[in-house]
Amino acid sequence: GPSPAILPLLLLFVALVALRALLMMAQQILALRYQNELVDRLRGQLFGQLIRAEWRWLSARRMSDHVALLTVGSNRMAVGINQLVLLVAQLAALLVYLLVALLLAWQIVLCAIVAGLVLLLSTGRYRRHVVQLGHRISDGQRAVQAEL
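First, a word on what this report is: a plain description of the structure on this page. Quick caveat: nothing in here was measured; it's all calculated off a predicted structure.

Calculation rules
- Residues numbered from 1 in each chain as written.
- Predicted model: local features only at pLDDT ≥ 70, side-chain atom pairs only at ≥ 80, totals over all residues.
- Heavy atoms only, no water.
- Axes fitted to C-alpha atoms, helices over the stretch in contact; angles between N-to-C directions.
- Helix = DSSP H or I, 4+ residues; strand = E, 2+ residues; numbered from the N terminus.
- Parallel < 35°, antiparallel > 145°, perpendicular 65-115°, else oblique.
- Left-handed = near helix turned anticlockwise from the far one by under 90°.
- Contact = heavy atoms within 4.5 Å.
- Nonpolar A, V, L, I, M, F, W, Y, C, P; charged D, E, K, R; others polar.
- Salt bridge = Lys/Arg side-chain N within 4 Å of Asp/Glu carboxyl O.
- Buried < 20%, exposed > 50% of the residue type's maximum accessible area, 1.4 Å probe, protein only.
- Expected span 1.5 Å × (residues − 1).
- Bend = angle between axes of the 7 residues up to and from the residue.
- Phe/Tyr/Trp six-rings, centres within 6.5 Å; stacked < 30°, edge-to-face > 60°.
- Lys NZ or Arg CZ within 6 Å of the ring centre and 35° of its normal.
- Patch = residues over 30% accessible without salt bridge, like charges linked within 9 Å, V, L, I, M, F, W, Y side chains within 5 Å.
- Areas by Shrake-Rupley, 256 points an atom, 1.4 Å probe, with all protein chains shown as cover.

**Quick word on the packing of helix 3 (residues 63–122) against helix 4 (residues 124–147)**
Here is step 1 of the chain: At a minimum axis separation of 11 Å, helix 3 and helix 4 run at an interaxial angle of 165 degrees. Classified by the interaxial angle, the pair formed by helix 3 and helix 4 is roughly antiparallel. Here helix 3 and helix 4 pass one another in a crossing that is right-handed. Judged by residue contacts, S64, D65, V67, A68, T71, V72, R76, L120, L121 and S122 of helix 3 engage G124, Y126, R127, G134, S138, Q141, R142, Q145 and A146 from helix 4.
Here is step 2 of the chain: Partitioned by chemical class, the residues of the contact of helix 3 with helix 4 number seven nonpolar, eight polar and four charged.

The following block contains the structure:
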């Protein structure tokens, strides 16, 4: 069986893991709350701008474009905001991990950074393809809204 000295360390480890899980849950709840508030505010501003728009501008566009802007467009904003919040949280964690790793073995960290940069540069063509695909998806969604 485990030695008596390891039991307190094991309990501390379990407590730290539980605390981390609780903090992550609280962070996600707050992030979603702020995201929803922001998207609701943006959707309201968008709706207000459509209400106050000049008739010539409104009549020059399809009604489906306005509907798509308020539905699909605002949902895409929510996804983008969610991804931005996750990026900020992950960058903060990455910075902490990087500092600890630098203290432990800076040579390995330097090799990992170089390998990461090589990987980033080698995927440039695929990243451009993904951006083009996103534009095609947007055009397709506009066409679907127009048909509906």
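So, next bit.
**Considerations on the pattern of salt bridges**
Here is step 1 of the chain: Counted according to the given criterion, the structure contains two salt bridges.
Here is step 2 of the chain: In this structure, R43 engages D40 in a salt bridge whose closest nitrogen and oxygen atoms are separated by 3.6 Å. With R43 and D40 both in helix 1 (residues 6–52), this residue pair falls three residues apart, about one helical turn.
Here is step 3 of the chain: Assessed through its relative accessible area of 47%, D40 is described here as partly exposed.
Here is step 4 of the chain: Residues E54 and R56 are paired through a salt bridge, measuring 3.0 Å at the closest nitrogen-oxygen approach. Both residues of the pair, E54 and R56, belong to the exposed class.

**Brief notes about helix 3**
Here is step 1 of the chain: Taking 1.5 Å per residue, 60 residues should reach 88 Å; helix 3 reaches only 43 Å between its end C-alpha atoms and comes up short.
Here is step 2 of the chain: A maximum bend of about 125 degrees is found in helix 3 at A105.
Here is step 3 of the chain: Residues of helix 3 that are buried include every one of S64, H66, A68, S74, A78, I81 and V109, and no others.
Here is step 4 of the chain: Residues of helix 3 that are buried in the fold lie against helix 1, helix 2 (55–59) and helix 4.

**Quick look at the packing of helix 1 against helix 3**
Here is step 1 of the chain: Viewed as axis vectors pointing N to C, helix 1 and helix 3 meet at an angle of 150 degrees, and their least axial separation amounts to 9 Å. Classified by chirality, the crossing of helix 3 by helix 1 is right-handed. Two secondary-structure elements touch here, helix 1 through R20, Q27, A31, Q35, L38, V39, L42, R43, L46, F47 and L50 and helix 3 through H66, L69, L70, S74, N75, M77, A78, I81, N82, V85, A89 and Y97.
Here is step 2 of the chain: For the contact of helix 1 with helix 3, the residue count by class is 15 nonpolar, six polar and two charged.

**Thoughts on helix 1**
Here is step 1 of the chain: If you check helix 1, its first and last C-alpha atoms are 68 Å apart, about what 47 residues at 1.5 Å a residue would give, namely 69 Å.
Here is step 2 of the chain: Within helix 1, burial applies to A31, Q35, V39, G48 and L50.
Here is step 3 of the chain: In this fold, the buried residues of helix 1 make contact with helix 2 and helix 3.

**Topic: the packing of aromatic side chains**
Here is step 1 of the chain: Here the structure, examined in full by the defined rule, presents zero aromatic pairs.
Here is step 2 of the chain: Above the face of the Y126 ring, R125 is positioned so that its terminal group lies 4.8 Å from the ring centre.

**Remarks on a nonpolar patch on the surface**
Here is step 1 of the chain: A cluster of nonpolar side chains, contributed by L95, L99, L102, W106, L110, V114 and V118, occupies part of the molecular surface with about 680 Å² of accessible area.
Here is step 2 of the chain: Looking at where V118 falls in the secondary structure, it is placed in helix 3.
Here is step 3 of the chain: What makes V118 exposed here is its relative accessible area of 52%.

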